[in-house]
Amino acid sequence: MSDSTYTQLLDLACGAFLLAAVVVLWRRDLASIVRVFAFQGLALMAIATLLGLHEHRWDLLAVAAGIGVLRAGVLPFLMRRALAASGETRETQPLVNVAASLLTAAALTLLAYAVSRPLVELDPSPATRALPVGLAVVLIGFFILVTRRRALSQVVGFLLLDNGITAVAFLAASGVPLIVELGVSFDVLLAVLVLHILTTRMRAAFGRTDIDDLRELRD
Amino acid sequence: MTGTGAAAVTAQVVLVVAGAPLLAGLMRQVRARMEGRAGGGVGQPWRDLRKLLRKEPITPTGTGPAFRIAPLLLVATTAVVAALVPLASTATPFSERADLIVVVALLALGTVSLALAGLDTGTAFGGMGASREMTVAALVEPTILLSVFALSIPAGSTNLPTIVSGAIHEPGRLASPAGLLATAALAVAVLAEAGRLPVDNPSTHLELTMIHEAMVLEYAGPDLALVELGAQMRLTVLLGLLASLFAPWGIATTASLAAVALALVLFAVKVAVLGAVLAAAEVFWAKLRLFRVPELLAGSFLLALLAVTASFFLSGE
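What you see is a predicted model, and the numbers here were worked out from it, not measured in a lab.

1. Digging into the overall build of chain A
(1) Moving on: Regarding its fold elements, chain A presents 8 helices and 0 strands.
(2) Moving on: Shown N-terminal to C-terminal, the secondary structure of chain A runs as helices and strands in the order α-α-α-α-α-α-α-α.
(3) Moving on: The globule rule puts the C-alpha radius of gyration for 219 residues at 17 Å, and the 18 Å found for chain A is close to it.
(4) Moving on: With the C-alpha coordinates of chain A rotated into their principal frame, the extents come out at 55 × 35 × 30 Å.
(5) Moving on: Residues counted as buried form 48% of the 219 residues belonging to chain A.
(6) Moving on: For chain A, long-range pairs separated by at least 24 residues make up 76% of all intrachain contacts whose partners lie at least 6 apart in sequence.
(7) Moving on: Element-wise, carbon and sulfur atoms account for 66% of the exposed surface of chain A, whose accessible area totals about 10,200 Å².

Printed below as a string of structure tokens:
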């Protein structure tokens, strides 16, 4: 693989990665949000695979395959099951309306580029130049986590955050050691399972999963 | 050089003016056939224009100069844009001045003059249409600017012929993430600017859904003919802009007559194909609620911004 095709493909994968985060912010239909999240998992897998191929590190390919299975397979499957059980199909009323949150995402992307500028200048390579993309996805994930009401879209926000962190790790340092990656992946899986249970209990208690209903703590 | 260039510009403008109603007719015909109707034929908009031009000019009492000048201004600005945008040739006498910002400003001038005319009539519909049009325009203009900026960064200039000829020599620029994002953003902006579905329904006269039609309800006779022609020319020019920026193959970069003639034919084909695809898509789309329109436009603005950041940061200046 020549250097220029590698750069182009990496840019393309990073573009798709960022675009998926934006589309999650754009859509109201929870089922399509889950689909877009799975697509983002594929883009993340593509980033890891490209880096592995470029640097001839075969363990990265194994990590990429693991990421693909977890983020494009298992997690969307779990979310789809939660969705089917809850019977909710739409994110009805985000705290910030969709047009404003899209404009906020634009500002967050610019912020990500601004703050990662010094990091990129340390060692400008195609991978580190794409670093702001990962950071932007982290910020957008945070934003979704803060402004969405339905439990499922909050789970997606949390997972976007994690996708962004993984992408930053890959782009900045060609990934973390395999054992750390495994630990993080199991953590994420566990968190989603716990949130799945929480969602089910919320639905049992309130009949819906609007986070605003959780106003008081009880034992 | 100048002789062929001037001929190319003249041919571009003549083709846009003469072809715009035919494009509208083609799109209506495609829609009609897909909906199972016979349709009025491709030449029907021309026949409508001829009928309107023969009628007596009438203006409502109490309207001022804004109402009378707007149709002329709309057609004139669009004709100038048709001369500026490199639809057939990048080597024209105007290619030095064919700046992106001029083109967007001329398009905005047409929009604003029509909105002023809508306000000038003093009717409820005119004012409502003008206010809606301005809401849409406020988001569309920056989107068009930004999405073309994304392409202008690799070319190093906001001059449209430079961008187009750069893209002809280096097709890789268009396949980059920036190019794809900019295409999507510009396509949405073009739909909104030309007043097509899903932003505005051009064939409606229902007060809840009108944007463009609400502003021009008071026009009759030759003025209405000009407004209709202006709207059709805008659609043609915008589709042409989209085609020249993202499928620039065949546009003449030298001043040879054969290349210009081929480019004109290709331009007509590209715009006809785009129009037919748009008309076919419109059969399956519903109009968005007015309150959802800013959402769509903000989304396309964001795509354009991402395109700019991607082309500026990812490819390393």
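2. Side note on helix H6 (residues 131-147) of chain A
Residues and elements named next belong to chain A.
(1) Moving on: A rise of 1.5 Å per residue sets the reference length of H6, with its 17 residues, at 24 Å; its end C-alpha atoms lie 25 Å apart and thus fit the reference within 8%.
(2) Moving on: When you tally the buried positions in H6, you get 12 out of 17 residues, the bulk of the element.
(3) Moving on: When H6 is considered as a whole, its buried residues turn out to be Leu131, Pro132, Val133, Gly134, Ala136, Val137, Val138, Ile140, Gly141, Phe143, Ile144 and Thr147.

3. Things to note about the interface of chain A and chain B
(1) Moving on: The interface of chain A with chain B comprises 22 residues on the first partner and 25 residues on the second.
(2) Moving on: Considering only the side of chain A, the residues that lose the most area to chain B are Trp26, Tyr113 and Arg129 of chain A, jointly responsible for 27% of the buried surface there.
(3) Moving on: Ionic pairing is found between Glu295 of chain B and Arg28 of chain A, a salt bridge with its closest N-O pair at 2.7 Å.
(4) Moving on: Linking chain A to chain B there are 1 residue pair in polar contact (both at pLDDT 80 or more).
(5) Moving on: Going through the elements one at a time, helix H1 (3-26) and helix H4 (98-122) of chain A are the ones with two or more residues in the side of chain A that touches chain B.
(6) Moving on: The element best represented in the side of chain A that touches chain B is H4 of chain A, accounting for 10 residues.
(7) Moving on: The class makeup of the residues in the side of chain A that touches chain B is 15 nonpolar, 3 polar and 4 charged.

4. Description of the layout of surface pockets
All names here are of chain B.
(1) Moving on: Its volume calculated, the largest pocket comes out at about 910 Å³.
(2) Moving on: Lining the largest pocket are 47 residues, with Arg28, Arg196, Pro202, Ser203 and Glu213 sitting closest to its centre.
(3) Moving on: Elements with a minimum of two residues in the lining of the largest pocket: helix H1 (2-34), helix H2 (44-53), helix H4 (100-120), helix H5 (124-155), helix H8 (177-193), helix H9 (212-215) and helix H10 (221-246).
(4) Moving on: Looking at the lining of the largest pocket, the element that brings in the most residues is H1, giving 8 residues.
(5) Moving on: A breakdown of the residues in the lining of the largest pocket according to their chemical character gives 23 nonpolar, 12 polar and 12 charged.

5. Looking at the packing of helix H2 (residues 30-55) of chain A against helix H3 (residues 58-86) of chain A
Residues and elements named next belong to chain A.
(1) Moving on: Between H2 and H3, the least distance of the axes is 8 Å, while the angle of their chain directions is 175 degrees. Taken together, the axes of H2 and H3 are roughly antiparallel relative to one another.
(2) Moving on: For the contact of H2 with H3, the residue count by class is 21 nonpolar, 4 polar and 2 charged.

6. So, the environment of Asp3 of chain A
(1) Moving on: Structurally, Asp3 of chain A can be placed in helix H1.
(2) Moving on: Asp3 of chain A sits 51 residues away from His54 of chain A along the chain, and the two C-alpha atoms are 8.5 Å apart.

7. Quick notes on empty space enclosed by the protein
Residue and element names in this part refer to chain A.
(1) Moving on: In this structure the tally under the stated criterion is 3 cavities of 30 Å³ or more.
(2) Moving on: A volume near 60 Å³ is recorded for the largest cavity.
(3) Moving on: Contributing elements (two or more residues each) for the lining of the largest cavity: H3, helix H7 (151-173) and helix H8 (178-206).

8. As for the confidence of the model for chain A
Atomic detail in the predicted coordinates should be set aside for any region of low pLDDT.
(1) Moving on: Taken over all residues, the pLDDT of chain A has a mean of 82, while the share at 70 or more is 93%.
(2) Moving on: Mean pLDDT across the elements of chain A ranges from a minimum in helix H5 (residues 126-129) of chain A, with 79, to a maximum in H6 of chain A, with 89.

9. A few points about the confidence of the model for chain B
(1) Moving on: Mean pLDDT over chain B works out to 83, with 97% of the residues at or above the 70 mark.
(2) Moving on: Taken together, the chains of this predicted complex give a pTM of 0.81 and an interface ipTM of 0.72.

10. So, the pattern of salt bridges
(1) Moving on: A complete count under the given rule lists 7 salt bridges over all chains for this structure.
(2) Moving on: One salt bridge in this structure joins Arg71 of chain A and Asp162 of chain A, with 2.8 Å as the shortest N-O distance. One end of the pair, Arg71 of chain A, is in helix H3; the other, Asp162 of chain A, is in helix H7, with 91 residues separating them in the sequence. Summarising the burial analysis for this pair, Arg71 of chain A and Asp162 of chain A share the class buried.
(3) Moving on: The closest approach of N and O atoms between Arg31 of chain B and Glu282 of chain B, which form a salt bridge, is 3.6 Å. Of this pair, Arg31 of chain B sits in helix H1 while Glu282 of chain B is found in helix H11 (residues 257-284), placing the two residues 251 residues apart along the sequence.

11. Re the packing of aromatic side chains
Residue and element names in this part refer to chain B.
(1) Moving on: Per the counting criterion, the structure on display carries 1 aromatic pair over all chains.
(2) Moving on: The interplanar angle of 5 degrees and the centroid separation of 4.2 Å between the aromatic rings of Phe67 and Tyr219 together place this pair among those described as stacked. In this pair, Phe67 sits in helix H3 (residues 65-84) while Tyr219 sits in the loop between H9 and H10, placing the two residues 152 residues apart along the sequence.
(3) Moving on: Accessibility expressed as a relative area gives 0% for Phe67, which makes it buried.

About the criteria used
Residues numbered from 1 in each chain as written. Chains lettered and ligands numbered in written order. Predicted model: local features only at pLDDT ≥ 70, side-chain atom pairs only at ≥ 80, totals over all residues. Heavy atoms only, no water. Helix = DSSP H or I, 4+ residues; strand = E, 2+ residues; numbered from the N terminus. Rg over C-alpha atoms; globule rule 2.2 N^0.38 Å. Buried < 20%, exposed > 50% of the residue type's maximum accessible area, 1.4 Å probe, protein only. Contact = heavy atoms within 4.5 Å. Areas by Shrake-Rupley, 256 points an atom, 1.4 Å probe, with all protein chains shown as cover. Expected span 1.5 Å × (residues − 1). Buried area = accessible area lost by both parts, 1.4 Å probe. Salt bridge = Lys/Arg side-chain N within 4 Å of Asp/Glu carboxyl O. Polar contact = N/O pair within 3.5 Å; in protein donor to acceptor, adjacent residues only side chain to side chain. Nonpolar A, V, L, I, M, F, W, Y, C, P; charged D, E, K, R; others polar. 1 Å grid on protein atoms, 1.4 Å probe; cavity = no way out; pocket = protein on both sides within 12 Å on 5 of 7 lines; lining within 4 Å. Points joined across faces, edges and corners; volume = space filled by probe spheres on them. Axes fitted to C-alpha atoms, helices over the stretch in contact; angles between N-to-C directions. Parallel < 35°, antiparallel > 145°, perpendicular 65-115°, else oblique. pLDDT = per-residue confidence, 0-100. Phe/Tyr/Trp six-rings, centres within 6.5 Å; stacked < 30°, edge-to-face > 60°.

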